[in-house]
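Architecture at a glance
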Amino acid sequence: RWGLDEHSALSGGKSPAKQRPKTRTRGGRSPKTSPTMSFTNAAERVLAKFGSRKPMHYRAITEKALTLGLVETAGKTPEATLYAQVLAEIQRKAKRGDRQRFAKHGKGMVGLAKWLPKGLAYEIDQNNQQVRKRLLARVRKMQWEDFEGLVGALLGSLGFEDVEVTQKSGDNGIDVRGTMVTGDAIRTRMAVQVKRWKAGRNVQSPDVQQVRGSLGAHEQGLIITTSAFSPGARKEAARADATPVGLMDGEHLVRLLAEQKIGVGSSTHTILELGSESDVVPGDD
């Protein structure tokens, strides 16, 4: 849920023994010696450059991405992978009420959502943004013990097991513990510190160091804040020679709350669309 985009760099070394194996490309061209992208980021880049504000078929998008060396894959069906990831993002953002990046047009055609005319979908997006802002403002006003309980409920809703809000002791140390289970086989013990802070008071690198120093054996750390993180905090959290600490800022928090329908509700309405003339079947006289 909190995964980061993975970026890898193609080797630029001169020694053939140290060069990376060739990956799949089209048209006999080799990938560019530059960092590759995720399939979704590559799809966005191709559509922006070649779509001319019109949808493209996912196979054509993949062809361009491979030819330009935007993606690197050893899979036999990169077209299916790209299309599946685009559709998964659309579903995920719809569930969270997030602004869409892509628009599905049927028959494998994909476009950018920003090309759509500003109509009902635009109004819905504007409404959802305002609701998330109000939800974040409400969470920032909660009592700290209620906020810790809210985070515990969120983790439980996300599938964490053995969630426990620790003894209430203010904003120091670990506030919530739980076990993240992946595939019924991998169990990761998480120690969470929550910070119900106002906007502008960003979490700093010493805060990350404090959490890391509070971890027990075989635990990983996570900081959840209603504010944001300084560049130094993000650098410290990702330091290669230390236990990684996950970071979740206020915007990410309310997206997950909205996805799990915690603190928000949703409503659906039937929208009629005119079909083709062949859909109209005359009744018997």
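Use the structure listed above.
Parameters and conventions
Residues numbered from 1 in each chain as written. Predicted model: local features only at pLDDT ≥ 70, side-chain atom pairs only at ≥ 80, totals over all residues. Heavy atoms only, no water. Helix = DSSP H or I, 4+ residues; strand = E, 2+ residues; numbered from the N terminus. Buried < 20%, exposed > 50% of the residue type's maximum accessible area, 1.4 Å probe, protein only. Contact = heavy atoms within 4.5 Å. Areas by Shrake-Rupley, 256 points an atom, 1.4 Å probe, with all protein chains shown as cover. Pairing = 2+ DSSP bridges. Axes fitted to C-alpha atoms, helices over the stretch in contact; angles between N-to-C directions. Parallel < 35°, antiparallel > 145°, perpendicular 65-115°, else oblique. Nonpolar A, V, L, I, M, F, W, Y, C, P; charged D, E, K, R; others polar. Salt bridge = Lys/Arg side-chain N within 4 Å of Asp/Glu carboxyl O.

**Thoughts on the overall build of the chain**
Broken down by element type, the chain carries 8 helices and 8 strands. Looking at the chain residue by residue over its 285 residues, the buried ones come to 38%. Within the chain, counting contacts between residues at least 6 apart in sequence, those at least 24 apart form 61% of the total. Accessible area for the chain stands at about 17600 Å²; split by element, carbon and sulfur atoms hold 50% of it.

**Here we look at the sheet that holds strand β3 (residues 109–112)**
Strands pair in a sheet through their backbones, by hydrogen bonds, and they do so in one of two ways: parallel or antiparallel. Within the open sheet, the 3 strands sit side by side as β1-β3-β2. Their pairing is antiparallel. The sheet terminates laterally at β1 (56–57) and β2 (102–106), the two strands that pair on one side only. Here 4 bridges tie β2 to β3, and the two strands are oriented antiparallel to one another. Residue Phe102 lies in a different strand from β3, and its bridge partner there is Leu112. Of the strands in this sheet, β1, β2 and β3 touch helix α1 (residues 39–50), which is tilted by about 80° from β3.

**Points about the packing of helix α4 (residues 120–140) against helix α8 (residues 250–259)**
Relative orientation and spacing of two packed helices are given, respectively, by the angle between their axes and the distance between those axes. Between α4 and α8, whose axes approach to 10 Å, the crossing angle comes to 105°. Here α4 lies roughly perpendicular to α8, going by the angle between them. Of α8, the residues touching α4 (which contributes Arg132, Leu135, Leu136 and Val139) are Gly250, Leu253, Val254, Arg255 and Leu257. For the contact of α4 with α8, the residue count by class is 6 nonpolar, 1 polar and 2 charged.

**Remarks on the pattern of salt bridges**
Overall, the coordinates contain 12 salt bridges when judged by the stated rule. For the salt bridge of Glu89 with Arg101, the shortest nitrogen-to-oxygen distance reads 2.6 Å. Taken together, the residues span a long stretch of sequence, with Glu89 in helix α3 (residues 78–96) and Arg101 in the loop between α3 and β2 at a distance of 12 residues. In this structure, Glu89 and Arg101 share a single accessibility class: buried. For Asp98, the salt bridge goes to Arg255, with nearest N and O atoms at 3.1 Å. Of the two residues, Asp98 is situated in the loop between α3 and β2 and Arg255 in helix α8; the sequence distance between them amounts to 157 residues. Note on Asp98: relative accessible area 10%, which makes it buried. Its relative accessible area of 27% is what places Arg255 among the partly exposed residues. Salt bridges linked by common partners bring Arg212, Glu236, Arg239 and Asp241 together as one network.

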